[in-house]
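# Structure at a glance
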Amino acid sequence: MSEHPTVTAVDALAAELLDEAEKHRARRTARTLVAGNSLRSTLIALLTGTELAEHDSPAGGTLHVLGGSVLLRTPSRQWELAEGDLATLPPERHSVYALTDATLLLTVALR
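Anyway, here's the lowdown on the structure attached to this text. Each residue is numbered by its place in its chain's sequence as written, counting from 1. Note on the predicted model: pLDDT of at least 70 is required for a residue's local features to be given, and 80 or more for side-chain atom pairs to be given and counted; whole-chain, interface and lining totals, by contrast, use all residues. Working from all heavy atoms in the structure, the side-chain values ignore hydrogens and water.

## What to know about helix α1 (residues 10-23)
Taking 1.5 Å per residue as the helical rise, α1 with its 14 residues ought to reach 20 Å, and the 20 Å between its terminal C-alpha atoms agrees with that figure. Per-residue accessibility, obtained with a 1.4 Å probe over protein chains only, is compared with the maximum for each type, and a residue is labelled buried under 20%, exposed over 50%, and partly exposed between these values. Put simply, DSSP H or I for four residues or longer makes a helix, DSSP E for two residues or longer makes a strand, and each gets a number counted from the N terminus. Taken together, the buried positions of α1 are Leu13, Ala14, Leu17 and Ala21. One side of α1 carries all its buried residues, which in axial view fall inside an arc of 105 degrees. Pointing more than 90 degrees away from the buried face of α1 are the exposed residues Asp11, Ala12, Glu22 and Lys23. Residues of α1 that are buried make contact with β1 (28-35), β2 (39-46) and β9 (102-109). The length a helix should cover is 1.5 Å for every residue beyond the first. This arc describes the spread of directions from the helix axis toward the C-beta atoms. It only takes one pair of heavy atoms within 4.5 Å for two residues to be counted as in contact.

## Observations regarding the pattern of salt bridges
When a carboxyl oxygen of Asp or Glu lies within 4 Å of a side-chain nitrogen of Lys or Arg, that pair is called a salt bridge. Applying the stated rule across the entire model yields 5 salt bridges. Its salt-bridge partner being Arg31, residue Glu20 comes within 3.3 Å of it at the nearest N-O pair. Residue Glu20 is located in helix α1, and its partner Arg31 is located in strand β1; the two are separated by 11 residues in the primary sequence. As a salt-bridge pair, Arg73 and Glu51 come within 3.0 Å of each other at their nearest N and O atoms. Within this pair, whereas Arg73 is found in strand β5 (residues 69-73), its partner Glu51 is found in strand β3 (residues 51-55), the two being separated by 22 residues in sequence. Taken together, the shared-partner salt bridges in this structure form one network comprising Glu16, Glu20 and Arg31.

## Re the environment of Thr62
Locating Thr62 in the fold gives a position in strand β4 (residues 60-67). Sequence spacing of Thr62 and Ala109 is 47 residues, and the spatial spacing of their C-alpha atoms is 9.0 Å. With residues near it in sequence (within four places) discarded, Thr62 still touches Leu86, Ala87, Thr88, Leu89, Leu105, Leu106 and Thr107.

## Some remarks on the sheet that holds β3
Within the open sheet, the 4 strands sit side by side as β3-β8-β5-β6. Their pairing is antiparallel. Edge positions in the open sheet fall to β3 and β6 (78-82), since each of these has one partner strand only. On average, each strand axis in the sheet is tilted by 15 degrees relative to the strand beside it, whichever way the strands run. Pairing of β5 with strand β8 (residues 94-98) involves 4 bridges; the strand directions are antiparallel. Note that in β8 the partner of Leu72 across the bridge is Val96. A pair of strands counts as paired when DSSP detects no fewer than two bridges linking them. Note on geometry: axes are C-alpha line fits, over the in-contact stretch for helices, and angles between N-to-C directions span 0 to 180 degrees.

## Topic: the side chain of Ser41
Position of Ser41 among the secondary structure elements: in strand β2. Any N or O atom pair separated by 3.5 Å or less is treated as a polar contact, with the protein-specific requirement of one donor-capable and one acceptor-capable atom, and with residues adjacent in sequence counted only for side-chain atom pairs. A distance of 3.3 Å separates a polar atom in the side chain of Ser41 from a polar atom in the side chain of Thr107. In contact with Ser41, not counting residues within four places along its chain, are Arg31, Thr32, Leu33, Val34, Leu105, Leu106 and Thr107.

Next up, the structure:
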């Protein structure tokens, strides 16, 4: 384990967030890991059947599935993403639906 102040044990935190999600009515939780002037990384935990409703896309971003599987959907297309998959966010409104309990790392360019 690193003692560097900006290192996060992502796997351990992901498991913790899935546990927290079970206690929340929304059946999801998130924690921002990096928040800077040009980049934000957020760890998201979604329980099976949970959806992040349709929302606008940032100028640039990626979604990395750390565990489980999800559907990344736009009004005209959808992609099934599984553990280990990394997808560029589509440049249009989109939603994310959890096919199984899932943990995701969302990284967004802020400029």
